[in-house]
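Given next are the chains, with one letter for each unit.
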Amino acid sequence: MVKWISHRGESMDAPENTLAAFRLSQERQTDGMECDVYLTTDGKVMVCHDPNTTRMGSARLYVEKSSSADLRAITVSGAFQQKYPGEKIPFLSETFQFLGGSREYYIELKGTNPELIPALKAEVEKSGIPSEQIVFISFSRELIRGMKHAMPRCRALWLNDLRREYGIVSADELIAELEHLGVDGVDGWDHPDITGELVDAVHRAGKIFAVWTVDNPDSAAHLISCGVDVITSNCAALLQNW
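A brief structural summary. Owing to the predicted nature of the structure, the values given are computational and were not obtained by experimental measurement. (Residues numbered from 1 in each chain as written. Predicted model: local features only at pLDDT ≥ 70, side-chain atom pairs only at ≥ 80, totals over all residues. Heavy atoms only, no water.)

## Digging into helix 5 (residues 141–150)
Quick reminder of the rule: The buried label goes to any residue with under 20% of its type's maximum accessible area, the exposed label to any with over 50%, and the partly exposed label to all in between, with areas taken from a 1.4 Å probe on protein chains only. Strands here mean DSSP runs of E at least two residues long; helices mean DSSP runs of H or I at least four residues long; both are numbered from the N terminus. Here the arc refers to the set of directions running from the helix axis out to each C-beta atom. Two residues qualify as a contact provided that any one of their heavy atoms is within 4.5 Å of a heavy atom in the partner residue.
Taken together, the buried positions of helix 5 are L143, I144, M147 and K148. For helix 5, the angular spread of the buried residues around the axis is 125°, confining them to a single face. Exposed residues on helix 5 whose side chains face more than 90 degrees from its buried face are E142 and H149. Structurally, helix 5 contributes buried residues whose contacts are with strand 4 (104–109), helix 4 (116–127), strand 5 (134–138), strand 6 (155–160) and helix 6 (171–181).

The structure is reproduced here in structure tokens:
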């Protein structure tokens, strides 16, 4: 059965990557939640999607070039200012409280700092969350390979948009890259040409096939018919109960 992961929390109804969005995902009992993390200049793991805070924040700061104190000084309520005023950029450690039970946490490694890997490992180990609940994802080959090496008991998926000039990546090409990276599967973009044959080939190779970001019920139904393992959505609870 497909698992439903709240993208940056339940971000259709609360400001993305905030405690409010993660709390909502827990209250709505989705199968898990997803976030994005950077390492700050003072070595803190903080939750933010964009490299800077312009889109969501009350001031413009570059996350990797800022201290955690400076980042905490701004608000990131975005378009939800009226309903959720004063939301702050969370430390990753603050978000663990909203995981609970057997829900899964998809943590995307962002930026270019390789020191994020040991810092993230330390935070996850300190949390005491079982390794089977943690899934690391990243577009960066270097970061996802390094994270899997650092924490081999946790699953690691390579984020990839699956697109090629001719359409969608071939199964052989995709599987070869996953094997080369030493990761557990792919977290692919909601490409219209995903087929059951592609998903089956990835499964036969012993790999996971997850898809992001799916907010359309028809797309979700198609992906479920293809046999994908995980769907990440801004409205995961809504689609889960469709």
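Let us keep going from here.
## Some points on unusual backbone geometry
Within the chain, N17 stands out as a residue other than glycine whose phi angle is a positive 55°. Residue position: N17 is located in the loop between strand 1 (3–6) and helix 1 (19–27). Despite not being glycine, Q29 has its phi angle at roughly 60°, a positive value. Inspection of the secondary structure puts Q29 in the loop between helix 1 and strand 2 (32–39). Overall, the relative accessible area of 61% leaves Q29 in the exposed class.

## Regarding empty space enclosed by the protein
Filter applied, for reference: The pocket and cavity definitions rest on a 1 Å grid over protein atoms only: a 1.4 Å probe that fits but cannot leave marks a cavity, an open set with protein on both sides within 12 Å along at least five of seven lines marks a pocket, and residues lining either have an atom within 4 Å of a point. Grid points are joined across faces, edges and corners, and a volume is the space filled by probe spheres set on the points. Basically, the charged four are Asp, Glu, Lys and Arg, the nonpolar ten are Ala, Val, Leu, Ile, Met, Phe, Trp, Tyr, Cys and Pro, and anything else, Gly included, counts as polar.
A full pass over the atoms with the stated rule returns one cavity of 30 Å³ or more. Looking at the largest cavity, it is lined by 14 residues, and the ones nearest its centre are E16, C48, H49, M56 and V76. Taken together, the residues of the lining of the largest cavity sort by class into six nonpolar, five polar and three charged.

## Description of the pattern of salt bridges
Selection rule: Salt bridges, as used here, are contacts in which a Lys or Arg side-chain nitrogen is within 4 Å of a carboxyl oxygen on Asp or Glu.
Counted under the stated rule, the structure contains 15 salt bridges. Counted as one network, the salt bridges with shared partners bring together R8, E16, D36, D50 and R55.

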